[in-house]
Amino acid sequence: MAATERKGVDMTTGSIAPKLLNLAWPLVLGNLLQTAYNLADMFWVGQVDRESLAAVSLMFPLSWMFVSTAVGITAATIALVSQYVGANEGRTADRVVAQTILLALAVSATLGALGWAVRHELLRTIGAEGAVFTEALAYIEVIFLALPLTFLFFAFRSSLQGAGDTRTAMWLVFISAGMNVVIDPFLILGWGPFAAMGTRGAGWATFIARGFAAVVGIAILLRGGFGVQLHPRDLRPDPGMLRRLVEIGYPATIDGWARSFAAVAMAAFVAPFGAAVIAAYGIGVRLMSITWSVAGAVGQAAATGVGQNLGASTPDRARRVTWVATGATMALLGVAAALCLLFPEFMLGIFTDDTETISEGVRFLYVIAPAWALFGGTMVIQGAFRGAGQTKVAMALSFLARWVFRVPVAIGLAFTLSVALPVVGTLEVGLGIGVVGIWLAYATGALLTFLVAVFWFRLGRWTEGVIEDAPGGPDGPDPESLDVGEGGNDGAVDDEGVSDEGVGVDPDAPAGTGAETTDGADIDD
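Criteria and thresholds
Residues numbered from 1 in each chain as written. Predicted model: local features only at pLDDT ≥ 70, side-chain atom pairs only at ≥ 80, totals over all residues. Heavy atoms only, no water. Helix = DSSP H or I, 4+ residues; strand = E, 2+ residues; numbered from the N terminus. Areas by Shrake-Rupley, 256 points an atom, 1.4 Å probe, with all protein chains shown as cover. Patch = residues over 30% accessible without salt bridge, like charges linked within 9 Å, V, L, I, M, F, W, Y side chains within 5 Å. Salt bridge = Lys/Arg side-chain N within 4 Å of Asp/Glu carboxyl O. Buried < 20%, exposed > 50% of the residue type's maximum accessible area, 1.4 Å probe, protein only. Contact = heavy atoms within 4.5 Å. Phe/Tyr/Trp six-rings, centres within 6.5 Å; stacked < 30°, edge-to-face > 60°. Lys NZ or Arg CZ within 6 Å of the ring centre and 35° of its normal. Axes fitted to C-alpha atoms, helices over the stretch in contact; angles between N-to-C directions. Parallel < 35°, antiparallel > 145°, perpendicular 65-115°, else oblique. Expected span 1.5 Å × (residues − 1).

Enquirer: I'd like to hear about the overall build of the protein, residue by residue, with values.
Expert: Of the regular secondary structure elements, the protein holds 18 helices and two strands. When the accessible surface of the protein is split by element, carbon and sulfur atoms take 67% of a total near 18500 Å².

The following block contains the structure:
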């Protein structure tokens, strides 16, 4: 068999900060480029009318509910691939990649079909009405069709990321995001020979760009040489490996749903305050998504570093990776928040010239931007837990952040509820301070969750890893897929002809040619 070099950053040796930066910066840039998908849609749709802008704003948390499912599934991929690579079990990591592809296709097809069937009910549930309902429906129908493409891309990205290659995915996001930005005005506004499709055009632009990213990503995996490789013979369902992916991934999927449903709930809380507030909320969340893109990317880098070090049985180094990543992220997001607080009208004016929307958006930033560093710190620590395979802990933090510290606080601050008690009679509950109470709930939840995350991580119960049954996954090695006769993983050279010492390469060396990528973003909205 021809030798295939396994490229990637080895986080198990050397200075932590430079290697973490080498892993993180392509993820940060990739996430920011991926955010361009959403920002481009917001900008061009904003040129149509306020109702179209409100529609896409309202769809942001709903569409991310499905993206969060993909993130959850592939969290298991990152944990397993990184730990197998750290343990020099590269061929087993390849098997994880193939089973991830199968799982991603099955889940995305199911969700797409279910979402299409109940699309009207979903929109009514989150409060879409009138013209906003019509435009939101046109947008979300196309997004449902794009779900398999989105999931395939996430499978590609997480596979390479676990192996320590983050640059390839970055380049692929760069190209696909650029396609989205270029196509948007033609399909949304009807430039050139195209008919103006409004929000539906934004959906089709996203479909085309994600389709390109998915096809190229799978081609790269089939080619190999980027840390892991997709072998067609591994695409047979492997019940043991699929079970391991589900066991590790389902808490991360529930985590994503908890975040997304909470975002849907928060959007529903915002909806009664009118189109201007909805639009301001959408723009504010988009600005926050830039900071989440940075924090999510560093959290993904931390997941890779933690996974590799646990695979190599160096938990103390995994702990240091996490604290370095957390501190750097919080410092960077603190600077970003300061810029938004100094120039809020300018930031909001990029997306709209509606004075009422800008006025409400300024209040949004004044309340929430000071908490951005806390959001980011928590996301990095959650990434470390996922890299260790402790996805249930990351899930618990998400539930606390949203369903204990955010949603109830938003209800109590923003609204006044009438509660009928047997003896006392009707009692008014809640402060009823309006939409600013919703903004305050975000900041309060960020602070409390960060404190809990730090405490939980310092307990140190995450250092065991999840590949104690390796090699070959939970059911042991598959002799046929391991190709032992050609030099399997039990010798000094694996079946691809790579020495155990060669798993990591010079972090300054190029990660290979071809296209690279995140939506990455572990989007925390």
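Enquirer: Go over a nonpolar patch on the surface with me, naming the residues and quoting the values.
Expert: A surface patch of nonpolar side chains, about 620 Å² in accessible area, is lined by Val335, Leu339, Leu342, Phe343, Phe346 and Ile350. Broken down by element, the residue count for the nonpolar patch peaks at three residues, all from helix α11 (residues 315–342). The residue Ile350 is located in the loop between α12 (344–349) and α13 (355–368) in this model.

Enquirer: Please give an account of the environment of Thr69 that cites residues and values.
Expert: One can find Thr69 in helix α2 (residues 50–86). The class of Thr69 is buried, set by a relative accessible area of 2%. The residues touching Thr69, leaving out its near neighbours within four places in the chain, are Val107, Leu111, Phe151, Thr253 and Trp257.

Enquirer: Describe the packing of aromatic side chains, with residues and values.
Expert: Taken as a whole, this structure holds 17 aromatic pairs when the rule is applied. Each ring, one from Phe43 and one from Trp44, has its centre 4.9 Å from the other, and the planes form 80°; the classification is edge-to-face. Given a relative accessible area of 31%, Phe43 falls into the partly exposed group. Judged by centre distance (5.6 Å) and plane angle (75°), the rings of Phe186 and Trp191 are edge-to-face. Of the aromatic side chains, those joined through ring pairs into one cluster are Phe43, Trp44, Phe186, Trp191 and Phe194. Its end group placed over the ring of Trp116, Arg119 keeps NZ or CZ at 4.1 Å from the ring centre.

Enquirer: Before we move on, could you go through unusual backbone geometry and cite the residues and values that matter?
Expert: Here Asn88, not a glycine, exhibits a phi torsion of approximately 60°, which is positive. Examined against the element boundaries, Asn88 turns out to sit in the loop between α2 and α3 (90–117). Residue class for Asn88 comes out partly exposed when judged on its relative accessible area of 26%. Despite not being glycine, Ser313 shows a phi value in the positive range, around 60°. Checked against the element boundaries, Ser313 lands in the loop between α10 (275–311) and α11.

Enquirer: Please set out the packing of α10 against α11 residue by residue, giving values where relevant.
Expert: The interhelical angle for the contact between α10 and α11, taken along N-to-C directions, is 170°, at an axis separation of 8 Å. Judged on the interaxial angle alone, α11 and α10 are roughly antiparallel. Facing Thr291, Val294, Ala295, Val298, Ala302, Gly305, Val306, Asn309 and Leu310 of α10, the residues of α11 in contact are Pro315, Arg317, Ala318, Val321, Thr322, Ala325, Thr329, Leu332 and Leu333.

Enquirer: Describe helix α5 (residues 130–145), naming the residues involved and giving the relevant values.
Expert: The terminal C-alpha atoms of α5 lie 24 Å apart, and with 16 residues this matches the ideal 22 Å at 1.5 Å per residue to within 8%. Those residues of α5 not exposed but buried are Val132, Phe133, Ala136, Leu137, Ala138, Tyr139, Ile140, Glu141, Val142, Ile143 and Phe144.

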